[in-house]
Amino acid sequence: MIYPSFLKKNDTIGICAPSAGVGKKLESFEQSLSKLKQEGYNILETKNVRIFNERGGTAQERGAELNSLFENDSVNFVMAAAGGDFLDEMLPYISFQTLQQHPKWLMGASDPTSILYPYTTMCDVATLYGCNAGSFDIVPLPDYLQTCLAFIQGNLLEQTSYKAYQNAKPWEVEGYQPDTPSHWQATVENLSVSGRCIGGCIDSLKDIIGTKFDTTHTFIEKYKDDGFIWYFDNFALSAENLYRTLLQMQFAGWFENTKAIIIGRTLLPSSETGMEYEEAIHRAFQTIPVLYNADIGHTNPSMTMINGAILHLQYTNTSASLKFECK
């Protein structure tokens, strides 16, 4: 596994918009960039980052802008500007050969999963999941975002489950307001396990299954001796759709040599038949331990995850700890 150089003071963060542009939220985006600059980083934006559209330009433009940041030797680290819905359109225009020849950390959350996942599984380069470039606009900056800033500097802090989370949707409140006790749940009482971490937003991952961007089999064969810990951020899949997607992944062979699975809280829960998410998880997995309602994904706080790294996972009595190792 290739681990690119972490950020140092005066390094340059390259930002592109592989999914949505940030034209609808320029004030908060500027606030986020100000925080990154305060940390001592320079910023280089591609042309279409601030476009006022759910697409950060045409598919071809988005692919070219991402490629350009990897080709640019003055760029040390690459971030997606925001999430969205239409990233898959630009996948054919990404030069994964270029990304592999110029390995850099790529960080994003939500829709950018569709780049992070193939970049790690296809090119054998670790990636960061948890924040977009526009994520650092909360004042004061919460602990979980401070942890993300520590990660991009290479300070891989142990992350422990939080006492409370924000049940209110991000657009319903100002800032960060944890309002509900957080209790991780599991299909086992205790768990102590290590394995290579892989995953992302399951809403996006489901669309990769069986495509030419799905090199999961090669990846899990290469690292089968390590075993795997999968994590899934569910933005809005209904309980039934989540269940079917997990089954599809199993049928596709994604969970071979899997030691554990972590599933975050769903931001926009729904059901067509009355199925509960807990039932979906228990039905989908009979032999693999699963932790769920985890501090991962679209509900805050959310932990920073490293695709491709070794994850040491501990769980007992509704609490968990995660520690990453780059090896």
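Heads up: these notes are all about the structure in this document. (Residues numbered from 1 in each chain as written. Predicted model: local features only at pLDDT ≥ 70, side-chain atom pairs only at ≥ 80, totals over all residues. Heavy atoms only, no water.)

1. Examining the overall build of the chain
A count of helical and extended segments in the chain gives nine helices and 16 strands. Principal axes of the C-alpha set define a box for the chain whose edges measure 50 × 45 × 40 Å. Restricting to contacts in the chain with at least 6 residues of sequence separation, those with at least 24 account for 77%. Looking at the chain, you have 24 positive and 37 negative side-chain charges, and the mean spots of the two groups are 4 Å apart. (Helix = DSSP H or I, 4+ residues; strand = E, 2+ residues; numbered from the N terminus. Contact = heavy atoms within 4.5 Å. Lys, Arg positive; Asp, Glu negative; His and termini not counted. Charge placed at Lys NZ, Arg CZ, Asp CG, Glu CD.)

2. What about the packing of helix α8 (residues 239-251) against helix α9 (residues 277-284)?
Remark: α8 packs on α9, axes separated minimally by 8 Å, with the N-to-C direction vectors making an angle of 15°. Between α8 and α9, the crossing angle belongs to the class labelled roughly parallel. Where α8 crosses over α9, the handedness of that crossing is right-handed. Touching A239, L242, Y243, L246, L247 and Q250 of α8 are Y277, A280, R283 and A284, all from α9. Taken together, the residues of the contact of α8 with α9 sort by class into eight nonpolar, one polar and one charged. (Axes fitted to C-alpha atoms, helices over the stretch in contact; angles between N-to-C directions. Parallel < 35°, antiparallel > 145°, perpendicular 65-115°, else oblique. Left-handed = near helix turned anticlockwise from the far one by under 90°. Nonpolar A, V, L, I, M, F, W, Y, C, P; charged D, E, K, R; others polar.)

3. Looking at the sheet that holds strand β4 (residues 105-108)
On the basis of which strands lie adjacent, the open sheet formed by six strands has the order β2-β1-β3-β4-β5-β14 and mixed pairing. Each having just a single partner strand, β2 (42-45) and β14 (305-307) make up the two edges of the open sheet. Across the sheet, the axes of successive neighbouring strands diverge by a mean angle of 25°, strand direction being ignored. Across three bridges, the pairing between strand β3 (residues 77-80) and β4 is parallel. Bridge assignment links M79 to a residue of β4, and that residue is M107. Most of the contacts of helix α1 (residues 26-38) go to β2, to which it runs at about 140°, and overall it touches β1 (12-16), β2 and β3. (Pairing = 2+ DSSP bridges.)

4. A closer look at the pairing of strand β15 (residues 310-316)
Bridge count between strand β10 (residues 190-201) and β15: seven bridges; the pairing is antiparallel. Counted as the bridge partner of S194 is H312 from β15. Here β15 pairs with strand β16 (residues 319-325) via seven bridges, running antiparallel. Paired with Q314 across the two strands is S321, which belongs to β16. What sits between the antiparallel neighbours β15 and β16 is a turn of two residues, in which N317 has the positive phi angle 55°.

5. A look at the sheet that holds strand β13 (residues 290-294)
The eight strands are arranged β6-β16-β15-β10-β11-β12-β13-β9 in an open sheet whose pairing can be described as mixed. Only two strands of the sheet have a single neighbouring strand rather than two, namely β6 (159-160) and β9 (185-186). Helix α4 (residues 113-123) rests against β10 and β11 (228-233) of the sheet, and its axis sits at about 115° to β10.

6. Some words on the pairing of β3
Side chains F77 and M79 project from β3 onto one buried face, and the interleaved V78 and A80 project onto a second face that is buried too. A crossover links β3 with its parallel partner β4, the connecting element being helix α3 (residues 96-101), and its sense is right-handed. (Buried < 20%, exposed > 50% of the residue type's maximum accessible area, 1.4 Å probe, protein only. Right-handed = clockwise from strand over helix to strand, strands pointing away.)

7. Observations regarding the environment of G23
Turning to its location among the elements, G23 is positioned in the loop between β1 and α1. A residue is classified by how much of its surface remains accessible, and G23, at 13% relative accessible area, is buried. With 156 residues separating them in the primary sequence, G23 and D179 have C-alpha atoms 30 Å apart. What G23 contacts, discounting residues up to four positions off in sequence, is R50, I51 and F52.

8. Looking at the nonpolar core
In terms of nonpolar packing, the biggest core is built from 106 residues, with F232, F255, I262, M305 and L313 touching the most fellow members. When residues in this core are grouped by element, the largest group, six residues, is from helix α5 (residues 143-152). (Core = buried A, V, L, I, M, F, W, Y, C linked by side-chain atoms within 4.5 Å.)

9. Quick look at the side chain of R196
Positionally, R196 belongs in strand β10. Judged by its relative accessible area of 5%, R196 falls in the buried class. A distance of 3.5 Å separates the side chain of R196 from the side chain of Y3, its partner in a polar contact. A polar contact of 2.9 Å, which involves the side chain of R196, links it to the side chain of D226. (Polar contact = N/O pair within 3.5 Å; in protein donor to acceptor, adjacent residues only side chain to side chain.)

10. Focus on the pattern of salt bridges
Side chains carrying opposite charge are able to pair once their charged atoms draw close together. Scanning all chains against the criterion turns up 13 salt bridges. The closest approach of N and O atoms between E221 and K224, which form a salt bridge, is 3.0 Å. For E221, a relative accessible area of 48% gives the class partly exposed. Of the residues examined, K224 reaches a relative accessible area of 37% and is grouped as partly exposed. (Salt bridge = Lys/Arg side-chain N within 4 Å of Asp/Glu carboxyl O.)

11. Description of the packing of aromatic side chains
According to the stated counting rule, one finds 15 aromatic pairs in the structure shown. Measuring from ring centre to ring centre gives 5.6 Å for W230 and F255, while their planes differ by 85°; the resulting arrangement is edge-to-face. Of this pair, W230 sits in strand β11 while F255 sits in the loop between α8 and β12 (258-264), and the two are 25 residues apart along the sequence. We classify F255 as buried; its relative accessible area is 8%. (Phe/Tyr/Trp six-rings, centres within 6.5 Å; stacked < 30°, edge-to-face > 60°.)

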